[in-house]
Amino acid sequence: MRAFLLDGYGAIDDHVKLTDVADPIPGRHDVLIDIHAASLNPIDFKIVRGDLKRVSKYQLPRTFGFDASGVVLAAGAGVTRFRPGDAVYVRASRETIGTFAEKIALPEAFVALKPANVSHAGAASLPLVGLTTLQGFGKVGARAGQRILIHAGAGGIGTFAIQYAKHIGLDVTSTTSSKNADFVRSLGADRVIAYDRENYLEQGGGYDIVYDTLGGAFTIDAFKVVKRGGAVISLSGPPDRDFARREGAGLLVRVAVWLMSRKVYAASEAAGGSYCWFFTEPSGDQLREIAGLVESGAIKPVIDREFAFDQLPAALAYLEKGHARGKVVLKMK
Ligand SMILES: NC(=O)c1ccc[n+]([C@@H]2O[C@H](COP(=O)([O-])OP(=O)(O)OC[C@H]3O[C@@H](n4cnc5c(N)ncnc54)[C@H](OP(=O)(O)O)[C@@H]3O)[C@@H](O)[C@H]2O)c1
């Protein structure tokens, strides 16, 4: 099969290569998927740059990419839920990345039947952003009636999170540039703050939850607008102090995490709010839940651009610019 291999860390054009490799062989509990479409996430270009090499140690060269939608070609002897011919979608784990390829073998526990009412491109756009949102909202117990600030409402995470937050009954404020304000409103946001016209810190606070997709100053400043007892879920800030324990990290990493996060914890203690950071995990069960939301019309995939399979380097460079409107998808078929 053809697959993109990452052969070193650095510039996309230097290290992302389309190569002929052996087909993956499914293990006892794996399904082998013929990939029709994959979607890109910022973590993909961060892996290429080597930003995550301390956390996820990869042996290079290797395949990469988290999200895919396709058709089951074969199933291991221990697989109970899927058969050849099933249309499925999936998010790989950090250890099993490899969806920028024509085929992938993944544990059936990661896989779900794809939503029947969307294309493979639409289904491939959903897993990582959907699971991140379900898992993040679950960690802080998001519930109807709460007020949430979702940063970067026009991005991959934001376009899913706004729709999901409205579905479960939250009041949503979201930030974006003024060119995307109407688009973000059309996703269901109750209030939109255009960051190129207004400073969100001057537009009131008292949020129960801040969903921080931007990191840096946005993570610390989240505690200026979250209410006492509220929660900041960060996807891009420093790891929370529980992270090193969850990862089974040694003393050096625990000290490094403590140092990286000390300003955030100082802000969180001063504001009386909580701080939560996590890496999304694969979950076939939650993908089944997301498929139900898509089939009921509560969530619609939002695709900015589709690239042909062999255009992965251009697609990664486009996403890296940081202004995608929804998701960027790679089409194998
Ligand atoms: N920890 C985890 O497990 C996890 C999981 C998923 C994602 N993440 C991280 O979460 C971050 C967001 O992911 P994503 O997929 O949403 O990225 P993305 O799709 O690349 O986000 C692009 C969006 O960001 C918006 N944006 C840029 N600057 C902004 C600003 N100052 N204020 C408001 N909006 C702004 C852009 O809107 P405009 O064009 O209008 O500026 C654009 O629509 C990434 O860093 C990713 O790595 C982490």
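Since the structure is predicted, the reported quantities are computational estimates derived from the model, not experimental observations. (Residues numbered from 1 in each chain as written. Predicted model: local features only at pLDDT ≥ 70, side-chain atom pairs only at ≥ 80, totals over all residues. Heavy atoms only, no water.)

**Remarks on the side chain of threonine 132**
Then step 1. Here threonine 132 shows up in helix α4 (residues 127–139).
Then step 2. A polar contact is formed between the side chain of threonine 132 and the side chain of threonine 280, at a distance of 2.6 Å.
Then step 3. Excluding residues within four positions of it along the chain, threonine 132 makes contact with Ile157, Tyr211, Leu235, Phe278 and Thr280. (Helix = DSSP H or I, 4+ residues; strand = E, 2+ residues; numbered from the N terminus. Polar contact = N/O pair within 3.5 Å; in protein donor to acceptor, adjacent residues only side chain to side chain. Contact = heavy atoms within 4.5 Å.)

**Focus on the packing of aromatic side chains**
Then step 1. Taken as a whole and judged by the stated rule, the model has twelve aromatic pairs.
Then step 2. With 5.4 Å between their ring centres and 85° between their planes, phenylalanine 4 and phenylalanine 309 make a pair best called edge-to-face. Taken together, the positions of phenylalanine 4 in strand β1 (residues 2–6) and phenylalanine 309 in the loop between β15 (303–308) and α12 (312–320) put the pair 305 residues apart, joining distant regions of the chain.
Then step 3. Geometrically, the ring pair formed by phenylalanine 160 and tyrosine 164 is stacked, given 6.2 Å between the ring centres and 25° between the ring planes. Of this pair, phenylalanine 160 and tyrosine 164 both sit in helix α5 (residues 156–167), four residues apart, which is roughly one turn of the helix.
Then step 4. Overall, phenylalanine 160 belongs to the buried group, its relative accessible area being 2%.
Then step 5. The exposure class assigned to tyrosine 164 is buried, which follows from its relative accessible area of 9%.
Then step 6. In textbook terms, an aromatic cluster arises when at least three aromatic residues are bridged by ring pairs, as seen for Phe137, Phe160, Tyr164 and Tyr211.
Then step 7. Across from the ring centre of phenylalanine 183, 4.4 Å away, lies the NZ or CZ of arginine 325, which sits over that ring. (Phe/Tyr/Trp six-rings, centres within 6.5 Å; stacked < 30°, edge-to-face > 60°. Buried < 20%, exposed > 50% of the residue type's maximum accessible area, 1.4 Å probe, protein only. Lys NZ or Arg CZ within 6 Å of the ring centre and 35° of its normal.)

**Section: the site of the ligand**
Then step 1. The environment of the ligand is formed by 27 residues, the closest being Ser177, Tyr195, Phe278, His323 and Ala324.
Then step 2. Between the ligand and lysine 46, the relevant distance is 2.8 Å, taken from an oxygen atom to a side-chain nitrogen or oxygen of the residue.
Then step 3. At 3.4 Å, a backbone N or O of leucine 235 approaches a nitrogen atom of the ligand.
Then step 4. Here the ligand has 940 Å² of accessible area as a free molecule, and 88% of this is covered by the chains.
Then step 5. When contributions to the shell around the ligand are tallied by element, the ones reaching two or more residues are α2 (42–49), α4, α5 and β10 (171–176).
Then step 6. Partitioning the shell around the ligand into residue classes produces 13 nonpolar, twelve polar and two charged.
Then step 7. Formed jointly, the shell around the ligand draws a minimum of three residues from each of two domains, domain 1 (2–125 + 302–331) and domain 2 (129–277). (Near = heavy atom within 4 Å. Areas by Shrake-Rupley, 256 points an atom, 1.4 Å probe, with all protein chains shown as cover. Nonpolar A, V, L, I, M, F, W, Y, C, P; charged D, E, K, R; others polar. Domains from an automatic or database assignment.)

**Describing unusual backbone geometry**
Then step 1. A cis geometry characterises the amide bond from leucine 60 onward to proline 61, with omega recorded as 0°.
Then step 2. As for its position among the elements, proline 61 is in the loop between α2 and β4 (62–63).
Then step 3. With a phi angle near 60°, alanine 152 is a residue other than glycine that sits in the positive phi range.
Then step 4. Mapped onto the elements, alanine 152 comes out in the loop between β9 (147–150) and α5.

**Some thoughts on the domain arrangement of the protein chain**
Then step 1. Considered domain by domain, the protein chain is made up of domain 1 (2–125 + 302–331) and domain 2 (129–277).
Then step 2. For the domain 1 face of the interface with domain 2, the top three residues by lost area are Val302, His323 and Arg325, together amounting to 47%.
Then step 3. At the boundary of domain 1 with domain 2, the tally comes to one salt bridge.
Then step 4. Measuring nitrogen to oxygen at the nearest pair gives 2.8 Å for the salt bridge that ties arginine 94 to glutamate 247.
Then step 5. Of the residues contributing to the side of domain 1 that touches domain 2, the split by class is three nonpolar, four polar and four charged. (Buried area = accessible area lost by both parts, 1.4 Å probe. Salt bridge = Lys/Arg side-chain N within 4 Å of Asp/Glu carboxyl O.)

**Side note on the pairing of strand β16 (residues 327–331)**
Then step 1. Burial analysis of β16 places four of its five residues in the buried class, which makes it a mostly covered element.
Then step 2. The sheet contact formed by strand β3 (residues 30–39) and β16 spans three bridges and is antiparallel. When the bridges of β16 are listed, alanine 37 appears paired with lysine 331. (Pairing = 2+ DSSP bridges.)

**A few points about a nonpolar patch on the surface**
Then step 1. A grouping of Leu251, Val255, Trp258 and Leu259 is seen on the molecular surface, where their side chains present a nonpolar patch of about 410 Å² in accessible area.
Then step 2. Structurally, the position occupied by leucine 259 is in helix α9 (residues 251–260).
Then step 3. Look at leucine 259 and you get partly exposed, because its relative accessible area is 41%. (Patch = residues over 30% accessible without salt bridge, like charges linked within 9 Å, V, L, I, M, F, W, Y side chains within 5 Å.)

**Overview of the sheet that holds β10**
Then step 1. Here six strands make up an open sheet; going across it, the order is β11-β10-β9-β12-β13-β14 and the pairing parallel. In this open sheet, the two edge strands, each paired with only one partner strand, are β11 (191–194) and β14 (274–277). Strand after strand, the sheet turns through a mean of 15° between neighbouring axes, direction not considered.
Then step 2. Relative to β10, β9 runs parallel, the two being bridged by four bridges. Each bridged residue has a counterpart across the sheet, and for isoleucine 150 the counterpart in β10 is serine 174. (Axes fitted to C-alpha atoms, helices over the stretch in contact; angles between N-to-C directions.)

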